[in-house]
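Given next are the chains, with one letter for each unit.
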Amino acid sequence: MTRKLLTGNSAAAWGARLARVDYIPAFPITPQTEIIEDLAAWIDRGEMDARLVTLESEHSMITAAGAAASSGVRAFTATSSQGLLYGMEMVYTVAGWRTPFVMVNVSRGLASPITLESDHNDIMAARDSGFLQIHCATCQEIADSILIAYRLAEHADVRMPAIVNLDGFYLSFTREPVDLANASKAQAFIGDYDPENLQFRGNSPLSQAMAVLGGGPYSYFRYEAHLAVQQALSVYEEITDEFEDIFGRRYEMIDCYQMDDAEYVFVLLGSFSTKARDAVDSLRAAGWKAGLLRPRLFRPFPQQRIRQLLQGRRAVGIIDQNISMGMGGVLHSEFATALYGLKDAPLLGSYIGGLGGRDINQREFFAIADELKQAYDSGESLPPRLLYTQNELTEMRKLQAIAQAEHAEIHQA
Amino acid sequence: MFRIRFHGRGGQGMKTASRILGTAFFKAGYEVQDAPRYGAERRGAPIFAYVRADKSTINERGVISHPDLVVIADDTLVGMPAAGVTLGVDAHTVLLINSHESSSTWRQRLNIDAVILALAAREDAADRATLPFIGSRCAAAAAALTNVIPRDVFVAALYEELGHLHEDIINQNRDIALGEFDDMTRHAGLVKQSGLPSASEYVKPDWIELPFENAEISNLAIHAGVTSVEVRTGLWRTMRPVINYDNCSGCAWICSTYCPDGAINVRTDGYPEIDYDHCKGCLICVAQCPPHAIESIPEHIARAQEAGETA
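Cut-off values and rules
- Residues numbered from 1 in each chain as written.
- Chains lettered and ligands numbered in written order.
- Predicted model: local features only at pLDDT ≥ 70, side-chain atom pairs only at ≥ 80, totals over all residues.
- Heavy atoms only, no water.
- Helix = DSSP H or I, 4+ residues; strand = E, 2+ residues; numbered from the N terminus.
- Rg over C-alpha atoms; globule rule 2.2 N^0.38 Å.
- Contact = heavy atoms within 4.5 Å.
- Axes fitted to C-alpha atoms, helices over the stretch in contact; angles between N-to-C directions.
- Parallel < 35°, antiparallel > 145°, perpendicular 65-115°, else oblique.
- Nonpolar A, V, L, I, M, F, W, Y, C, P; charged D, E, K, R; others polar.
- Buried area = accessible area lost by both parts, 1.4 Å probe.
- Salt bridge = Lys/Arg side-chain N within 4 Å of Asp/Glu carboxyl O.
- Polar contact = N/O pair within 3.5 Å; in protein donor to acceptor, adjacent residues only side chain to side chain.
- Pairing = 2+ DSSP bridges.
- Phe/Tyr/Trp six-rings, centres within 6.5 Å; stacked < 30°, edge-to-face > 60°.
- Buried < 20%, exposed > 50% of the residue type's maximum accessible area, 1.4 Å probe, protein only.
- Core = buried A, V, L, I, M, F, W, Y, C linked by side-chain atoms within 4.5 Å.
- Domains from an automatic or database assignment.

Draft legend 1. How the structure looks around the overall build of chain A. Of the regular secondary structure elements, chain A holds 14 helices and 15 strands. For 413 residues, the compact-globule formula gives about 22 Å, and the C-alpha radius of gyration of chain A, at 22 Å, lands near that figure. For the C-alpha atoms alone, the extent of chain A along its principal axes is close to 70 × 65 × 55 Å. Look at the contacts in chain A between residues 6 or more apart in sequence, and 81% of them connect residues 24 or more apart.

Draft legend 2. Focus on the packing of helix H11 (residues 303-310) of chain A against helix H12 (residues 330-339) of chain A. Residue and element names in this part refer to chain A. For the pair H11 and H12, interaxial distance at closest approach is 9 Å and the crossing angle is 80 degrees. Taken together, the axes of H11 and H12 are roughly perpendicular relative to one another. Here Gln303, Ile306, Arg307 and Leu310 of H11 lie close against H12, whose contacting residues are Phe335, Thr337, Ala338 and Leu339. Grouping the constituent residues of the contact of H11 with H12 by class yields five nonpolar, two polar and one charged.

Draft legend 3. Local environment of the interface of chain B and chain A. On the chain A side, the residues contacting the 44 residues of chain B number 50 residues. Buried surface at the junction of chain B and chain A, both sides included, amounts to about 4,200 Å², of which 57% is carbon and sulfur. The interface formed by chain B and chain A includes eight salt bridges. Taken together, the connections running from chain B to chain A amount to 26 residue pairs in polar contact (both at pLDDT 80 or more). If you list the elements that add at least two residues to the side of chain B that touches chain A, you get helix H1 (14-27), strand E2 (31-37) and helix H6 (215-218) of chain B.

Draft legend 4. Molecular detail of the sheet that holds strand E10 (residues 264-267) of chain A. Residues and elements named next belong to chain A. If you walk across this open sheet you meet the six strands as E9-E11-E10-E13-E14-E15, and the pairing is mixed. In the strand order of this sheet, the two ends are held by strand E9 (254-257) and strand E15 (385-386), each with one partner. Here four bridges tie E10 to strand E11 (residues 290-295), and the two strands are oriented parallel to one another. If you follow Val267 over to E11, its bridge partner there is Leu293. On the sheet, H11 packs against E9, E10, E11 and strand E13 (315-320) and is oriented at approximately 15 degrees with respect to E9. Contacts between H12 and the sheet are confined to E10, E11, E13 and strand E14 (347-352), with E13 contributing the most and set at about 145 degrees to the helix.

Draft legend 5. Local environment of the packing of aromatic side chains. All names here are of chain A. Inspection of every chain in the model, using the stated rule, returns 21 aromatic pairs over all chains. The interplanar angle of 40 degrees and the centroid separation of 4.5 Å between the aromatic rings of Phe243 and Phe247 together place this pair among those described as tilted. Pair noted here: Phe243 and Phe247 are both in helix H9 (residues 215-247), with a separation of four residues, about one helical turn. A relative accessible area of 6% places Phe247 in the buried class. An aromatic cluster is defined as three or more aromatic residues linked by ring pairs; in this entry it consists of Phe189, Phe243, Phe247 and Tyr251.

Draft legend 6. Spotlight on the nonpolar core. Judged by nonpolar contacts, the single largest core of 81 residues is most densely connected at Phe76(A), Val104(A) and Phe335(A). A total of 10 residues in this core trace back to one element, the largest contributor, which is helix H7 (residues 139-154) of chain A. Residue assignment places this core across two domains, with domain 1 (3-198 + 208-247) and domain 2 (256-391) of chain A each supplying three or more. Dropping the residues within four chain positions of it, Val104(A) is found in contact with Ala12(A), Ile35(A), Phe76(A), Thr77(A), Ala78(A), Thr79(A), Ile146(A), Val164(A) and Leu166(A). Membership of the second largest hydrophobic core comes to 47 residues, among which are Phe6(B), Ala17(B), Ala73(B) and Leu119(B).

Draft legend 7. Local environment of the domain arrangement of chain B. Residue and element names in this part refer to chain B. Each assigned domain of chain B is listed with its residue range as follows: domain 1 (2-187) and domain 2 (233-310). Taking only C-alpha atoms, the centre of domain 1 and the centre of domain 2 are 32 Å apart. The interface of domain 1 with domain 2 comprises 15 residues on the first partner and 10 residues on the second. Of the roughly 980 Å² buried between domain 1 and domain 2 on both sides combined, carbon and sulfur atoms contribute 64%. Three residues, Arg42, Met80 and Ala126, lead the burial of domain 1 against domain 2; their summed loss comes to 42% of the area buried on that side. The interface formed by domain 1 and domain 2 contains zero salt bridges. Taken together, the connections running from domain 1 to domain 2 amount to two residue pairs in polar contact (both at pLDDT 80 or more). Looking at the side of domain 1 that touches domain 2, its residues break down into seven nonpolar, two polar and six charged.

Draft legend 8. Looking closely at the sheet that holds strand E6 (residues 132-135) of chain A. Residues and elements named next belong to chain A. Spatially, five strands are ordered E4-E5-E7-E6-E12 in an open sheet, and the strand pairing comes out mixed. A strand with exactly one partner marks an edge of an open sheet, and here the two such strands are strand E4 (76-79) and strand E12 (297-299). Averaged over all neighbouring strand pairs, the angle between strand axes comes to 25 degrees, with direction disregarded. Sheet topology note: the E4/strand E5 (residues 102-107) ladder contains four bridges and is parallel. Each bridged residue has a counterpart across the sheet, and for Ala78 the counterpart in E5 is Val104. This element, H7, spans E4, E5, E6, strand E7 (162-167) and E12 of the sheet and lies at about 160 degrees to E6.

Spelled out as C-alpha cells, the structure:
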C-alpha cells in the first residue's frame, strides 16, 4: 500500500479507478470538476480503461449512468449542488429502475443566494430518492467508501444506486494522507458487476419501470424499493467486515468516538465531525464525559443502532449543516424520530451550523456542551439555535446599510 | 501542530507553495493537511493557502484562524482587509513578508505583537502576478523556519510538486529556493507549534438570536452599482491602465464598451474616466484604444508614486 497526499476530489477519482468503472458520463460543476479531470487524464494517458463522455447536462448525465448500468456496465459519475438539483428528476427515476451505480456528490450550498462553499442541503434533497447515501469525513474514507458503495449498490438484495458524499472545500480541495489500496486487492474486493436481469441491448427492446395505473402496482414498486434500501443495513455489515479483512480499515455504519461512557454527545455528518473529535478530546481533558456519533450511512438510516447507542445518555447536540425551511435541521428530526418512545432517551438539542461553509470553531463546540449540561441539570428543553454571532450580524448590517442608503437615494430621485 | 498560511495573488504560486511545504512535511514524517482558498479565482486577486502538520492525525479543518507562521508573498496585500493576512495573528505568530522594505519598517508600520521577518525582495516583475519563483521561495523559507524539514527532503518535495515543469525551470526554482532555505536557517526554529484550545477556560461565542425581519429588509433589492461597493475589485489589479488625455480623442464609447467590468465611465465633457476601485487591470482598453492613448504601468509603482505625491 502506498500512502500519499490526495485531495478529496483525487481520492474520489482513485475510488472510481480502483472500482474499475467502465463508463463515466460527466458534466462539470465547482467544486466537483477535478474528479472528472483526473479520470479524463488517466483515460487519455491509457492508465485507465474506461469511456468518459461529456453530456450536455446533469439530467442527461444521470440518465446515461442509469442506462449504462442497465446495459450491464459499471458506471460512475459525480456532481454537486445545483447540478444534483438539475438532475433530480432522473435521480428519482433511475432509482426506480433499480440500477446500481455510484455517484459522488461534493456538497455545496444551494441558490439562492448562490455560494460555492459546503452545505448539506443539496444532498438532503436526494434523501427520499432511493439512492443509498454514505457520508465521508476524511479523504481516506472517500476512496474506500466508493469501493464499499459499489458492493452495496450491486448486492442482489439491494440493487439501488448509491451516493458517496463529501464536503466541498473542507475535503474536495484539501489534501490529506490517503492509503491507496493496491489494484489487485481492490479487484479482489470489488469483483465483477453482475447485472442480473438488467441486460438492455440496442437491438433487443425491453422495458422496465413502466407506467402503472391505479395505486396498487405503484405502491408495490415504491415499497419494494424502500425495503431494498433497508436491506442495505445488514448487507453493509457483511461488506464492511470483508473490507476490513482485506484492507485493515473498519467503517462502522455509525462512527463512534469516545462513546463508551459518554454523557454528552455531538452528532453531525461529514467532515466537520473531525473538528468535533478535537472538541471531545479537549472536553475530556477538562473533565467532561463527551462523545461523538457520526452516521456514515444516512440512507438507509440506522435507527435501531442509534437507539442502542444513545439510550441512557444525558443530552445530545445535533448539528445540522442544512435547514428545512419551516421545520429546522433534518438530522435533528430524524434522530427525534429514531428515539421517539425510547425509555431513558437523551435530551436533544438542535443546532444549525456550517451553512454555506460557515466554520464551526472549538469554542462553539464547548459552548454547545455547556448548554446541553445546563439543560440536563435544569430539566428544561433547549430551543433550536443557529450558530451565529453578534459579529456576523454586525457585518451583515454594514452590507444592508449600503443597500438601504442606495435604495433611499433612488426613491428620493 | 504547525499551522502555516501563505498569502499572495492569483498567479504567484501560493497553492504550489503550500503543496511543496505540505509534501516536505509529509516526507519528513508528519501528518499533513494542505489546501488552497481560491478566493475570486482570478489572476491578481488575493488568494491564500494553508498547511497543517502534526505528528498525529489532524482533525482540525478549514481556514487556519491562529497561525504559527504567515508568509506574505506580496506586500501590497498587507493593507488590504479583504486579503485577511493578519487574521488571528498574535505575539506567537511569525510574519514573513516578501518586501523591499526592512522588517523594522514593517514592525513600525503594522504595530502588532507578531515576530516580523522580511524575505528580501529580489528581482521585481512589472506585473506582480508573475513574480518569479516566489512560491518556491516562500515554501523554502517556511520549511527552514520550522527547523524540522531537512534540506534534501525539501528538495525532494520541490521536485515532486514541480515535476510537470521543464527541467531547467525546476532547477532554477531549486537553486533560488535553496538560497532562501539557507538564508532563513539563521532563524531556524523561530516558528513554534501550538496546541488545541482549552475547554476549561474559553471565551464564550457571542451567539445571538437572529430576529425575524420582513423581506423588504431581509431580502433588500440591491441596485447594480451597490453590489460592488464593498468588493473593490480594483485591488486585484497588478497592472494599471492610465489614460493620457493629451492623446485621447474622446471616442469614449469604444473603451467604455470594451471594458468587461463597466469600470470606464464617460465624463460630462465626453472623455472617459477609469474607476480604479473596480478596474481589475485586464488591459483590454489598452489594446482597443484607437489613438493608443491608454498605457499600462505596474500597479505597485503607480501606488508608490501616489503615496509619494500625497506624503
